[in-house]
Amino acid sequence: MKRKTKRLLGVFGLAVVMAMTAIACALPTPEAYAEGSLTDEDKVTIKVTVVGAGSTANLVKPTNGEVVKSNIVPVEYSFQKMKNVLTNLSCTGADGKKVEQVIDSYTVPAEMESGTRNFNMDLNAWGVQADATCRVFLTGKSIDDKDIRDEGVSFEYRAINIDMGDNDGEDDKPVTDEKGDPEVTIGVSDQVYSLLLQVYDTEGNPIFVNKDGVEEPIIVSRDEFDLVNGVYKLNLPMSKYGAKAGWYDLVAIAYGQDGKEVVSMNTYRFYYGGINAPDVPSTGTIMESLNISRADYVVTGLIAFGAMAVFGVYLVARKSRR
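None of the values given here were measured: they were computed from a predicted structure.

K.L.:
What should I look at first to understand the overall build of the protein chain in this one?
P.N.:
Each helix and strand counted, the protein chain has four helices and 16 strands in total. Taken across its 322 residues, the protein chain has 30% of its residues classed as buried. Expressed as a percentage of contacts within the protein chain between residues at least 6 apart in sequence, the contacts between residues at least 24 apart total 66%. Counting every atom, the protein chain has about 22000 Å² of accessible surface; 56% of that belongs to carbon and sulfur.

Here's what the structure looks like:
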C-alpha cells in the first residue's frame, strides 16, 4: 500500500511540473507584452544629438577657496572659440575698502581656436592689501560676438595663515605634544618680518601672563621662520601658564620690515584639552595587572556555581540508579 501511494505522489508531482513548464512557455515575455500593449501614441523615441563644443572661457588658477600668502598670484585660464577674454578682479579688504578692476585684456589671434593663457597678478599693484577676500572672473566675446562670462573663483589673500589641522579657522582636536600643548603652523609671506602671538579665553582674558599679571606674548623674528617653506611652527605653552580645558582664541599679528606696520592679523579658535597627566607606574597586585573588572568576577563565579550544581545533580542521579 505504501509503495503504491509513493508512486501516485511521484506521478502527480511530475504532472504538476510539466503543467507549470507548459504555462511558462506559453506566456509572452515582458518585452513582448509591453510591445503589444502600447499604442503608437504611448511609445517614446529618444534621439541623442551630439553638439560640438561652443565658446568657453574657464579659470584654472587660482582655485576656489584657496588661501594665498603672496601678493603675486598666478592666473591661468583656458578658452575656446573666443575673440577676446577679460580677467576681472574684485576684492574687499578687512577695512571694507573695495577694489574692482579689469587686470588683463587678451585678444585671441583669429587663427587660434583654443588655448590657455598664464600670467601673474600683483595684488598690491592693484591696491589690494592683506586680509582681503577676492574673486577673479572672466568675461569676453565669442567668435560670433556673443557675451561670455565665467563666474570665476573666490580666494583669501592673507600675509599669514594659522593652521592647527583643519585649516578652517576652528579646530576642536588640534595635534598636541606630550604635555598636551597644541601644535601650530603659521604660514608667512615675504611681507612678514615678525610675529606677535597671544591666546585669549572666551571672555577675552590673555593666557600668556606672568605672576605679576603682565602679558608675555610670544614674539618671533624673521630669522626664526622656515623661509624655505614659508612657515613658523611652535607648540603653544598652555600648560606653562596653567590654562584649563576649554575653547581659546589664538591671535597672530604680523608686522612689516619697520616693525611698526601691521601687515596682517589673524584669529584661530581651538579647543585645549588640558595638561596630559604623566603615566603613573602600577603598584597593585598581580590580579590588578590583569585588568579584571568586578563584573568579570561575578560572571566567572556564576559559571563556576552552575558547573558545580550540574555535577552535583549528576552524582545524585547516578547514586539513585544504584
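K.L.:
Just checking my understanding: could you explain the nonpolar core for this structure?
P.N.:
The nonpolar side chains of a soluble globular protein tend to be buried, and buried together. One finds Met 121, Leu 195, Leu 236 and Phe 270 to be the most contacted residues of the largest nonpolar core, which totals 57 residues. Apart from the residues lying within four places of it in its own chain, the contact partners of Leu 195 are Ile 160, Ile 186, Val 188, Ile 218, Ile 219, Val 220, Phe 225, Tyr 232, Ile 253 and Ala 254.

K.L.:
Would you mind going over the side chain of Thr 139 with me for this structure?
P.N.:
You can see Thr 139 is positioned in strand 7 (residues 132-142). Overall, Thr 139 belongs to the buried group, its relative accessible area being 17%. Polar contacts involving the side chain of Thr 139 include one to the side chain of Asn 88, which spans 3.2 Å. Ignoring any residue separated from it by four or fewer positions in sequence, one finds Thr 139 in contact with Asn 84, Val 85, Leu 86, Asn 88, Ile 148 and Arg 149.

K.L.:
Would you mind showing me how to read the state of the cysteines here?
P.N.:
Among covalent bonds in proteins, the disulfide is the one between the sulfur atoms of two cysteines. The full count for this structure, using the stated rule, is one disulfide. The side chain of Cys 91 participates in a disulfide bridge whose partner is Cys 134; the two sulfur atoms lie 2.1 Å from each other. Taking the sign of the S-S torsion, 115 degrees for the link of Cys 91 and Cys 134, the bridge is right-handed. Linking Cys 91 in strand 4 (residues 82-92) with Cys 134 in strand 7, this pair joins segments that are 43 residues apart in sequence. Using a relative accessible area of 2% as the deciding quantity, one classes Cys 91 as buried.

K.L.:
What is the right way to read the pattern of salt bridges from this model?
P.N.:
Charged atoms that come close allow side chains of opposite charge to pair. This model, assessed by the stated rule, comprises five salt bridges. Where Asp 145 meets Lys 83, a salt bridge forms, and the shortest distance between an N and an O atom there is 2.7 Å. Of this pair, Asp 145 sits in the loop between strand 7 and strand 8 (147-157) while Lys 83 sits in strand 4; the two residues are 62 residues apart in sequence, bridging distant segments of the chain. Relative accessible area serves as the criterion here: at 48%, Asp 145 is assigned to the partly exposed category. For Asp 249, the salt bridge identified is with Arg 269, shortest N-O distance 2.9 Å. Here Asp 249 is found in strand 15 (residues 246-255), whereas its partner Arg 269 is found in strand 16 (residues 262-272), with 20 residues between them in sequence. Judged by relative accessible area, which is 15%, Asp 249 ranks as buried. Under the relative-accessibility criterion, Arg 269 is labelled partly exposed at 30%.

K.L.:
What is the right way to read the sheet that holds strand 2 (residues 66-68) from this model?
P.N.:
Strands belonging to one sheet form pairs held by backbone hydrogen bonds; the direction of such a pair is parallel or antiparallel. Read from one edge to the other, the open sheet built from five strands follows the order 2-8-7-4-5, with strand pairing classed as mixed. Each end of this open sheet is capped by a strand with a single partner; those strands are strand 2 and strand 5 (98-107). Put simply, the sheet's adjacent strands are angled 30 degrees from each other on average, direction ignored. Note that strand 7 and strand 8 share nine bridges and pair antiparallel. Among the inter-strand pairings, Lys 141 is bridged to a residue of strand 8, identified as Asp 147.

K.L.:
I would appreciate a short explanation of the packing of aromatic side chains in the present structure.
P.N.:
To describe a pair of aromatic rings, you give the distance between the ring centres and the angle between the ring planes. Evaluation of the coordinates by the stated rule reveals seven aromatic pairs. Measuring from ring centre to ring centre gives 5.2 Å for Phe 208 and Tyr 241, while their planes differ by 40 degrees; the resulting arrangement is tilted. Of this pair, Phe 208 sits in the loop between strand 12 (194-201) and strand 13 (218-221) while Tyr 241 is found in the loop between strand 14 (231-235) and strand 15, placing the two residues 33 residues apart along the sequence. Under the relative-accessibility criterion, Phe 208 is labelled buried at 0%. Here the aromatic cluster, defined as three or more aromatic residues joined through ring pairs, consists of Tyr 77, Phe 79 and Tyr 106. The lysine or arginine in question, Arg 222, covers the ring of Tyr 193, its NZ or CZ lying 4.6 Å from the ring centre.

K.L.:
Please explain the sheet that holds strand 9 (residues 160-163) as it appears in this structure.
P.N.:
Strand order in the open sheet made by the three strands is 9-11-14, with antiparallel pairing throughout. Unpaired on one side and paired on the other, strand 9 and strand 14 mark the two borders of the sheet. Across the sheet, the axes of successive neighbouring strands diverge by a mean angle of 20 degrees, strand direction being ignored. Note: strand 9 against strand 11 (residues 183-188), four bridges, orientation antiparallel. Bridging from a neighbouring strand, Ile 160 pairs with Val 188 of strand 11.

Cut-off values and rules
- What you see as residue numbers is a count from 1 along each chain, following the sequence as written.
- Owing to the predicted nature of the model, reporting of local features is limited to residues with pLDDT of at least 70; listing and counting of side-chain atom pairs is limited to 80 or more, with chain, interface and lining totals taken over all residues.
- Note that water and hydrogens are dropped before the side-chain values are worked out from all heavy atoms of the structure.
- Strands here mean DSSP runs of E at least two residues long; helices mean DSSP runs of H or I at least four residues long; both are numbered from the N terminus.
- Only protein chains enter the accessibility calculation, which uses a 1.4 Å probe; a residue whose area is less than 20% of its type maximum is buried, one above 50% is exposed, and one in between is partly exposed.
- Contacts: residue pairs with any heavy atoms within 4.5 Å of one another.
- Working definition of accessibility: Shrake-Rupley area with a 1.4 Å probe, residue cover restricted to the visible protein chains.
- Only buried residues count toward a nonpolar core. Its members are Ala, Val, Leu, Ile, Met, Phe, Trp, Tyr and Cys residues joined through side-chain atoms within 4.5 Å.
- Contacts described as polar in this section are N or O atom pairs within 3.5 Å, which, within protein, must combine one atom able to donate a hydrogen with one able to accept it, while residues neighboring in sequence count only if both atoms come from side chains.
- Note on disulfides: each one is a pair of cysteine sulfur atoms within 2.5 Å.
- Each reported salt bridge corresponds to a side-chain nitrogen of Lys or Arg within 4 Å of a carboxyl oxygen of Asp or Glu.
- Paired strands, as defined in this entry, are two strands with at least two bridges between them according to DSSP.
- Axis definition: a line fitted to C-alpha atoms, limited for helices to the stretch in contact. Angles are taken between N-to-C directions and run from 0 to 180 degrees.
- Aromatic pairs are defined between Phe, Tyr and Trp rings, using the six-membered ring for Trp, whenever the two ring centres lie within 6.5 Å; interplanar angles under 30 degrees are classed as stacked, those over 60 as edge-to-face, and all others as tilted.
- Lysine NZ or arginine CZ positioned within 6 Å of the ring centre and within 35 degrees of the ring normal marks a charge as sitting over the ring.

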